[in-house]
Amino acid sequence: MSNKNKATALLLAVLVTAPFAQAQDTQDPEEQNPVTGEDFDYLQARVDDLAGQLDAARPGKRKFLVTGYAFGGFENFEGENSSFSGGFNPIFLWSPTERVFFEGELELELEGDETESGLEYAQLSYVLSDSAILGVGKFLNPANVFQNRLHPAWINKLPDRPLVFGSRRLQASTQLGAQLHGGVRVGNTKMNYVVYASNGPSLEAEDEASFGTLGFNNFEDSNNSKALGARVGVFVVPALEVGYSIEQSSNVTAEELGVEDADALIQSVDLNYVGNIAGGTVDCRFQWVFSDVDDVVFDPDASGGFGPLSLDNKRDGGYAQIAYRPSVSDTSTLGKLEGVLRYDAVNLPSGAPEGADESRVTIGVNFWSSASSVFKVAYQAADPEGSASTDGIMFQWALGF
């Protein structure tokens, strides 16, 4: 116990024992009762309790933290208007007890002539044991490793997201439900796991622009079927993790769509490596997603004006990325630079409403002015099937705090 805490306890002991002393002074000496060991035990327990309450009330003991990140950027692509962008994402963390904690993120971005706001995630968690945590609410999709770990602007190595997790996403960014996750030791290695149940995705079938795709805004489930998912990650070596994810939804159709029931199965494999090689830090990421939705006939009675149509409803896509930073360079400026190379692609079925297959190559250079402040510049070459290539340049400054 520190000297300050000892002084506090002594003061409290004096205050607590004063009434006893005063009461004994007013009694007849022959009627005074001696102070017993039980009296001292009670006073010690009382002092310890009050000292604990004072300690808990000190600044910094409430375990509430506001953090987050902000970014601003610019992009200019062939055939499109160049544009500036910006956003601010505050993150709230609160742990009222040792086993209970809350985490939530707000998303504030400028789109068009308005400020768009959204709840990125909000989850309550309870620590069941050293290897198991129960979470409920809206949480980052654990099967979507990029979204779950890398999506904040100051962590993402490039100014934009891979196709499969951005404009052509094949996997939910978040889930609304409950999850159980944790990590365990297996032999000489470690394994992390998560299992979850959530409102499942919905099959889009109402118009020609989106039929056959999956809608992942599952705030209200479109039917009584829930999605079940899991991910297992194994550390082959301390710096290398290999993972497999599966999400099964037994029904993705809504009754009012007027199409036959369809099931969806989404699987993915991922690889994550961060280690020191050749005097610097190498960061490698890979994930590939496979989406398989049962074939159905869309607009079967032609009431929507685009059917009847059907397609082999299978899609896949992903990305591979490598970054290198000479972090132990003798030159301070060189040690702040980081090179990034990414390949990403999406493969679509024939007749898909989103268009055709697309692949891109992006190369970038980052300058880390501090551990959480990064300036990015990147050049991207896109090759959509059946269309002219669309090249462009992107800039972004991102700050984590």
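Fair warning: this is a prediction, and the values are worked out from it, not measured in the lab. (Residues numbered from 1 in each chain as written. Predicted model: local features only at pLDDT ≥ 70, side-chain atom pairs only at ≥ 80, totals over all residues. Heavy atoms only, no water.)

Caption draft 1: Seen up close, the overall build of the chain. Along the backbone of the chain there are 3 helices and 18 strands. Pairs at least 24 residues apart make up 55% of the contacts formed inside the chain by residues separated by at least 6 positions. Here the chain displays about 21,600 Å² of accessible surface, and carbon together with sulfur accounts for 57% of that area. (Helix = DSSP H or I, 4+ residues; strand = E, 2+ residues; numbered from the N terminus. Contact = heavy atoms within 4.5 Å. Areas by Shrake-Rupley, 256 points an atom, 1.4 Å probe, with all protein chains shown as cover.)

Caption draft 2: Highlighting the nonpolar core. If you look at the biggest cluster of nonpolar residues, it comprises 26 residues, and the most contacted ones within it are Leu 203, Leu 214, Val 252, Val 293 and Phe 298. Not counting chain neighbours up to four residues away, the residues in contact with Val 252 comprise Pro 201, Ser 202, Leu 203, Leu 214, Ser 222, Asn 223, Ala 262, Asp 263, Ala 264 and Val 293. With 9 residues, the next largest nonpolar core counts Tyr 69, Ile 91, Tyr 121 and Ala 153 among its residues. (Core = buried A, V, L, I, M, F, W, Y, C linked by side-chain atoms within 4.5 Å. Buried < 20%, exposed > 50% of the residue type's maximum accessible area, 1.4 Å probe, protein only.)

Caption draft 3: Layout of the side chain of Asn 251. Structurally, Asn 251 can be placed in the loop between strand S11 (240-249) and strand S12 (264-277). The contacts of Asn 251, once residues within four sequence positions are left out, are Asn 223, Ser 225, Asp 261, Ala 262 and Asp 263.

Caption draft 4: Representation of a negative patch on the surface. A contiguous patch of negative charge on the surface is contributed by Glu 111, Asp 113, Glu 114 and Glu 116. Counting through the fold element by element, Asp 113 comes out in the loop between strand S3 (100-111) and strand S4 (114-129). (Patch = residues over 30% accessible without salt bridge, like charges linked within 9 Å, V, L, I, M, F, W, Y side chains within 5 Å. Salt bridge = Lys/Arg side-chain N within 4 Å of Asp/Glu carboxyl O. Lys, Arg positive; Asp, Glu negative; His and termini not counted. Charge placed at Lys NZ, Arg CZ, Asp CG, Glu CD.)

Caption draft 5: The arrangement of the side chain of Lys 157 in detail. Locating Lys 157 in the fold gives a position in the loop between helix H3 (145-150) and strand S6 (174-186). By relative accessible area, Lys 157 is classed as buried at 13%. Every residue in contact with Lys 157, bar those within four places of it in the chain, is listed here: Asp 283, Gln 321, Ala 323, Glu 338, Val 340, Asn 366, Trp 368 and Lys 376.

Caption draft 6: Layout of the packing of aromatic side chains. What the rule picks out here adds up to 11 aromatic pairs. Ring centres 6.1 Å apart and planes at 20 degrees place the aromatic pair Phe 88 and Phe 401 in the stacked group. In this pair, Phe 88 sits in strand S2 (residues 83-94) while Phe 401 sits in the segment after strand S18 (390-400), placing the two residues 313 residues apart along the sequence. For Phe 88, a relative accessible area of 35% puts it in the partly exposed group. Residue Phe 401 is classed as partly exposed on the basis of its relative accessible area of 44%. Aromatic pair Phe 375 and Trp 397: ring centres 5.0 Å apart, planes at 10 degrees, arrangement stacked. Placement of the pair is Phe 375 in strand S17 (residues 373-384) and Trp 397 in strand S18, with a sequence separation of 22 residues. Judged by its relative accessible area of 35%, Phe 375 falls in the partly exposed class. (Phe/Tyr/Trp six-rings, centres within 6.5 Å; stacked < 30°, edge-to-face > 60°.)

Caption draft 7: Quick peek at a nonpolar patch on the surface. A contiguous nonpolar surface patch, about 980 Å² in accessible area, is contributed by Ile 322, Leu 334, Leu 337, Leu 341, Tyr 343, Val 361, Ile 363, Val 365, Val 377, Tyr 379, Ile 393 and Phe 395. Within the residue set of the nonpolar patch, elements represented by two or more residues are strand S15 (337-347), strand S16 (358-370), S17 and S18. Structurally, Val 377 is set in strand S17. Given the relative accessible area of 31%, Val 377 is considered partly exposed.

Caption draft 8: Inspection of the confidence of the model for the chain at higher detail. A residue-level look at the chain finds 86% of positions with pLDDT of 70 or above and a mean pLDDT of 87. Low confidence marks residues 10-16, where pLDDT is under 50. Its contacts with residues over four positions away, or in another chain, come to 8 contacts. Note that residues 18-23 has pLDDT below 50 and, in this model, 1 contact with residues that lie over four places away or in other chains. (pLDDT = per-residue confidence, 0-100.)

Caption draft 9: Quick peek at the pairing of strand S14 (residues 314-325). Bridge analysis of strand S13 (residues 280-293) against S14 gives 12 bridges, and the strand direction is antiparallel. Following the sheet pairing, Val 282 is matched in S14 by Tyr 324. (Pairing = 2+ DSSP bridges.)

Caption draft 10: Representation of the pattern of salt bridges. Using the criterion set out here, one finds 14 salt bridges in the structure. Linking Asp 312 and Lys 314 is a salt bridge whose minimum nitrogen-to-oxygen distance equals 3.2 Å. You can call Asp 312 partly exposed: its relative accessible area is 45%. Taking relative accessible area as the criterion, Lys 314 reaches 44% and is therefore assigned partly exposed. With its nearest N and O atoms 2.8 Å apart, the salt bridge here joins Asp 344 to Arg 360. Taken as a pair, Asp 344 in strand S15 and Arg 360 in strand S16 lie far apart in primary sequence, 16 residues in all. Judged by its relative accessible area of 0%, Asp 344 falls in the buried class. Linked by salt bridges that have partners in common, Arg 149, Arg 231, Glu 241 and Asp 270 make up one network.

Caption draft 11: Expanded view of unusual backbone geometry. Between Gly 307 and the following residue, Pro 308, the backbone shows a cis peptide bond with an omega angle of -5 degrees. The residue Pro 308 is located in the loop between S13 and S14 in this model. You will see that Ala 278, though not glycine, has its phi angle at about 50 degrees, which is positive. With a relative accessible area of 67%, Ala 278 lands in the exposed category. The phi torsion at Ala 302 lies on the positive side, around 65 degrees, for a residue other than glycine. Tracing the sequence through the fold places Ala 302 in the loop between S13 and S14.

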